[in-house]
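As a plain string of letters, each chain reads:
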Amino acid sequence: MRRIRVLRRLLKKMRDAKKIDKHIYHSLYMLAKGNQFKNKRVLIETIHEMKSVKSKEKALAEQAVARKGRAKARLERKAAKEAKKAADSAAEASS
């Protein structure tokens, strides 16, 4: 019982300090309730792992958004270039 209280107290403290968000808090709280953590050190290691995974996923998502934006801009430039080329060839044919 003491260990569970220690783990819950640590989770609450980290959530209040904005070191973990409510989603990570809830999943870790349920794991602590299910006796998954032997001690506080193991819980802290798990928190660091989860935070690093989340930050990597966020970075990859940002990169994907940037990549899609560049691809969209490239397609727009290509379409504009083709439209201009078609307009120039139509103007030359009518003259």
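Residues numbered from 1 in each chain as written. Predicted model: local features only at pLDDT ≥ 70, side-chain atom pairs only at ≥ 80, totals over all residues. Heavy atoms only, no water.

Caption draft 1: The arrangement of the overall build of the chain in detail. Of regular secondary structure, the chain possesses three helices and zero strands. Rg of the C-alpha trace for the chain: 27 Å, well past the compact-globule value of 12 Å for 95 residues, more than 25% over. Considering only C-alpha atoms, the chain reaches an extent of 90 × 20 × 15 Å along its principal axes. When the 95 residues of the chain are sorted by exposure, 14% land in the buried category. Sequence separation of at least 24 residues holds for 59% of the intrachain contacts in the chain that already meet a minimum separation of 6. Accessible surface, the chain: about 8,000 Å² in total, of which carbon and sulfur atoms supply 56%. Charged side chains of the chain number 29 positive and 10 negative; the gap between the two group centres comes to 14 Å. (Helix = DSSP H or I, 4+ residues; strand = E, 2+ residues; numbered from the N terminus. Rg over C-alpha atoms; globule rule 2.2 N^0.38 Å. Buried < 20%, exposed > 50% of the residue type's maximum accessible area, 1.4 Å probe, protein only. Contact = heavy atoms within 4.5 Å. Areas by Shrake-Rupley, 256 points an atom, 1.4 Å probe, with all protein chains shown as cover. Lys, Arg positive; Asp, Glu negative; His and termini not counted. Charge placed at Lys NZ, Arg CZ, Asp CG, Glu CD.)

Caption draft 2: Spatial organisation of the pattern of salt bridges. The full count for this structure, using the stated rule, is four salt bridges. We note a salt bridge from Asp-16 to Arg-15, for which the minimum N-O separation is 3.9 Å. Judged by relative accessible area, Arg-15 falls into the partly exposed class, the value being 29%. The shortest N-O distance in the salt bridge between Lys-54 and Asp-21 comes to 2.5 Å. (Salt bridge = Lys/Arg side-chain N within 4 Å of Asp/Glu carboxyl O.)

Caption draft 3: Looking closely at a positive patch on the surface. A surface patch of like charges, here positive, comprises Arg-5, Arg-9, Lys-13, Lys-19, Lys-40 and Lys-51. At the level of elements, α1 (2–16) and α3 (40–94) are the ones that each hand at least two residues to the positive patch. Per-element accounting of the positive patch gives the leading share, three residues, to α1. Topologically, Lys-19 is positioned in the loop between α1 and α2 (22–33). (Patch = residues over 30% accessible without salt bridge, like charges linked within 9 Å, V, L, I, M, F, W, Y side chains within 5 Å.)

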